[in-house]
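Single-letter residue listing:
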Amino acid sequence: MRVNEKYSTLPAADRSVHIINICAIEDIGYLPSEGTLLNSLSVDPDAECKYGLYFRDGARKADYVLVYHHKRASGSRTLARRVQHSDAGLAARSARQDLPLPGKAGPVGAGEPEPPLDYHEDDKRFRREEYEGNLAEAGLELERDEDTKIHGVGFVKIHAPWNVLCREAEFLKLKMPTKKLYHINETRGLLKKINSVLQKITDPIQPKVAEHRPQTTKRLSYPFSREKQHLFDLSDKDSFFDSKTRSTIVYEILKRTTCTKAKYSMGQGEGRKKDSALLSKRRKCGKYGITSLLANGVYSAAYPLHDGDYEGENVEFNDRKLLYEEWASYGVFYKYQPIDLVRKYFGEKIGLYFAWLGVYTQMLIPASMVGIIVFLYGWATVDENIPSMEMCDQRHNITMCPLCDKTCSYWKMSSACATARASHLFDNPATVFFSVFMALWAATFMEHWKRKQMRLNYRWDLTGFEEEEEAVKDHPRAEYEARVLEKSLRKESKNKEKRQHLPEEPTNKWRQRVKTAMAGVKLTDKVKLTWQDRFPAYFTNLVSIIFMIAVTFAIVLGVIIYRISTAAALAMNSSPSVRSNIRVTVTATAVIINLVVIILLDEVYGCIARWLTKIEVPKTEKSFEERLIFKAFLLKFVNSYTPIFYVAFFKGRFVGRPGDYVYIFRSFRMEECAPGGCLMELCIQLSIIMLGKQLIQNNLFEIGIPKMKKFIRYLRLKHQSPSDHDEYVKKKQRYEVDYTLEPFAGLTPEYMEMIIQFGFVTLFVASFPLAPLFALLNNIIEIRLDAKKFITELRRPVAVRAKDIGIWYNILRGVGKLAVIINAFVISFTSDFIPRLVYLYMYSENGTMHGFVNHTLSSFNVSDFQNGTAPNDPLDLGYEVQICRYKDYREPPWSEHKYDISKDFWAVLAARLAFVIVFQNLVMFMSDFVDWVIPDIPKDISQQMHKEKVLMVELFMREEQGKQQLLDTWMEKDRKKAEPFNNHSPTPPAPPDSPDFPGGAL
């Protein structure tokens, strides 16, 4: 094998052997010889490698870092172990296999005990050496560092040289900018003037980032090809592939490179004898990429490095620092996001998330303004609302029936005056308009995002991305491969047992060996996981999801029982102020209980959804992510909205009537809505749950928990010895600092939080017009909070290319369609909008709302109470009550069919159903019309994409013409050189078969 001579300080003849001997000696605890030279013994290495961003030579950049835990024998003294791997990796691995196992060598030093034998650690070390050797064979350059400030942790820095970057960029079909520049079509005339004015107005809120400035020119992009390197601007090879692209390329190699051998069978116990045939097959067929090695604990972490520090004195300017100042700071909350710089640093997938969050937040501005106008309209007209005025007028002297049995007494309707007036703030004709507006707003938001997404795809060179997407989609997960391997081994074991019972047939030994070898190599190629293999997991998923939904319903039922029992207990209180505020007290406390339960179950359901997805063993990462999102969204949707659905559509619907109430468990009477309806209570429920989730989850979970983890790490550090503390506070390497950060767990929690909020904004917006305003205020903080978390709290994630937000777009569309239906039912059945219209146009004598309250109340004779349900104190109001009123459409007690449902009920029900049908179809049609009118691809972007294709064709045509001209020139020169030779050369003799040749053809 060829040895990389540039970075080695050993003699050419002994380099590979000495490096491996050093590795082996350090592994078993021997002291390295004084004559051995290591690259780690250079003077002031931290200054040269820029605190871990580069290799020890200070020239090669660390594109990726692998982290592992190692054990050092007590009392052993080791020098700093920083070994560089090059093309000698394979020879290193083969030489390492001949060395004694750890613990089986001679004594480490005089009088020192022999280190204990650890098969598990030795197997991990063997896998690491083989894997790193394979990485070196793939062209990567490695450097190891075990003398770190974090005890027991080693690091392997990986660098991808230029030839590897070019090779992998061609494999991945990465679009890179060429030398060809072209001008972007600019608007002209009036639009140009408007754009220039808007640009001047919005200039103070633009981030001070070069990538965010409007561009008039753009470089033509083309998938990288080593044969066409002359098309690309390679004047600065160090910056041609940025850090994000380099880490992506290295990660693809890490996933593709496998570790196929093992000294011992991992996970099967330590020191236990195994079946030799099974172990042999496991060695042949078991493929362990970086994901499997991380899962098995061979490596503890793998991540790309941040570009540097983001704060402090004498910090070199880098993209991370720029993002911290212009994006992750709360002081720039009013500015636009530098999306292009976010994409450059974190990749397209994370860039699309923040771009979507920014568009969503911008679209909330007009929705918030309209919601405020609707709320102010209700506030301005509350004194003109006739139904609430009638309820508050004590001259009507309306006596209401008791709210509970025995302990509750009769009460005056005027005592609910405050609730009735507050209900008008949200239950007025403007809320119907607002519901229609929000349905159209949701459709417009989806179309606006699709157009924004196409602009980003064009700007980020993501057009024509389907080919790579299919390739990534087909890449199997490590867990899937392990499950397939287990199934194949089990299948082969059964076949072997069957063959033992059959008589042996004479076969060709050579042919049998070939078959055995091919079976060992391709054992897993023919085996797949079928639905029979996954049936136990599917059944577990179904049962678990049904059980979790049942748990949610049971908790809601428990809260209902709490409300009923608490209302009955407070009714027995002697204080008039307590009895007058029973509804508010019970509603507020019940909602707080619901909020706490929802937040706790959200965390539990997230873990359960991940576990259920893991046992399904999806084949690809895309399939795993989509299944996880579906389960988590289903469980969290049910958890968040079940209490709200109960108040909106079930509370007060199945109460019964005085003398014939409906009971839960034969003792708890079902709840009733207030005389003004349940919409006010729905508003309270929605506002507390929405605001509570945002404040608690954002402040406690996203801010408090990371700070608490940092504080715990600080306390652990203080309990260490003073020498360790002094060592810790020294300047750390970049990879050591990043290792202490939290690992990136994906975007699913971020999207989930916003989708649930989108549901609060759209699903029940008819009951809470201020929901968009509170969502806007939350998102302004959420953007900077997430940005700060990505910059300061998390390890740098691997950049992933994506052209859309994936399954989340379909979920958003589904929520938008569902919002139309739910708002139609809220307006129709929860609010009093339809009963008011019916009364106004069918029953009002003077065309006004006077008498509406009396029309909605039925009468009950108190002598018809069931035994044991009448009030204990019937004279609580100071007089004897003969007739009490309750809210329902029923016949009076003096009617022939007393207490039966009246005709008014059926008239109102028909009007409600008609409104639902008309509202739903009308709004759906308008939403689809908006979808059809607004094109998905902006006209200027489609023109630019067409222009790029034309320019690319012209570029290649010009290149082909140049090649043809050059070829013609060479041929012309060759022909001119051949002409003088042909003129002076003698005439060649005639061939034997010509007529001129003697004795030739006749």
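Above: the structure in question.
A brief structural summary. Note that the coordinates shown come from a computational prediction; the quantities given were computed from them, not determined experimentally.

### Quick word on the side chain of Ser 225
Looking at the secondary structure, you find Ser 225 in the loop between β6 (217-223) and α7 (237-240). The class of Ser 225 is buried, set by a relative accessible area of 11%. Non-local contacts of Ser 225, meaning those with residues more than four positions away in its chain, are made with Glu 170 and Phe 232.

### Thoughts on the pattern of salt bridges
Taken as a whole and judged by the stated rule, the model has 47 salt bridges. For Lys 244, the salt bridge identified is with Glu 348, shortest N-O distance 3.6 Å. Of the two residues, Lys 244 is situated in helix α8 (residues 243-256) and Glu 348 in helix α13 (residues 348-380); the sequence distance between them amounts to 104 residues. Given the relative accessible area of 8%, Lys 244 is considered buried. By relative accessible area, Glu 348 is classed as buried at 2%. Of the charged contacts in the structure, one is a salt bridge between Asp 940 and Arg 455, with a shortest N-O distance of 3.0 Å. With Asp 940 in helix α33 (residues 939-984) and Arg 455 in helix α16 (residues 429-459), this residue pair connects regions lying 485 residues apart in the sequence. The exposure class of Arg 455 is partly exposed, given its relative accessible area of 32%.

### Side note on the state of the cysteines
As enumerated under the stated definition, the model contains three disulfides in all. Two residues, Cys 401 and Cys 884, share a disulfide whose sulfurs are 2.0 Å apart. Residues Cys 401 and Cys 884 are joined through a disulfide that is right-handed, its torsion about the S-S bond being 85 degrees. With Cys 401 in the loop between β8 (399-400) and β9 (411-412) and Cys 884 in strand β15 (residues 883-887), this residue pair connects regions lying 483 residues apart in the sequence. Neither Cys 401 nor Cys 884 differs from the other in exposure class; each is buried.

### Observations regarding the pairing of strand β3 (residues 141-145)
Counting buried positions over the five residues of β3 gives five, a clear majority of the element. The two faces of β3 match: Glu 141, Glu 143 and Asp 145 on one face and Leu 142 and Arg 144 on the other face are all buried.

### A look at the packing of α16 against helix α29 (residues 807-830)
Between α16 and α29, the shortest axis-to-axis distance is 10 Å and the interhelical angle comes to 170 degrees. One element, α16, and the other, α29, form an angle in the roughly antiparallel class. Contact residues: α16 offers Val 432, Ser 435, Ala 439, Phe 445, Met 446, Glu 447, Trp 449 and Lys 450, while α29 offers Tyr 809, Leu 812, Arg 813, Val 820, Asn 823 and Ile 827. Residue composition of the contact of α16 with α29, by class: nine nonpolar, two polar and three charged.

### Side note on the environment of Lys 651
Counting through the fold element by element, Lys 651 comes out in the loop between α23 (621-650) and β10 (656-657). Given the relative accessible area of 3%, Lys 651 is considered buried. For Lys 651, the side chain forms a polar contact with the side chain of Glu 681, separated by 2.4 Å.

So, how was this worked out
Residues numbered from 1 in each chain as written. Predicted model: local features only at pLDDT ≥ 70, side-chain atom pairs only at ≥ 80, totals over all residues. Heavy atoms only, no water. Helix = DSSP H or I, 4+ residues; strand = E, 2+ residues; numbered from the N terminus. Buried < 20%, exposed > 50% of the residue type's maximum accessible area, 1.4 Å probe, protein only. Contact = heavy atoms within 4.5 Å. Salt bridge = Lys/Arg side-chain N within 4 Å of Asp/Glu carboxyl O. Disulfide = S-S within 2.5 Å. Axes fitted to C-alpha atoms, helices over the stretch in contact; angles between N-to-C directions. Parallel < 35°, antiparallel > 145°, perpendicular 65-115°, else oblique. Nonpolar A, V, L, I, M, F, W, Y, C, P; charged D, E, K, R; others polar. Polar contact = N/O pair within 3.5 Å; in protein donor to acceptor, adjacent residues only side chain to side chain.

Note that every value here comes from positions in space, so none of it alone points to a role or purpose.
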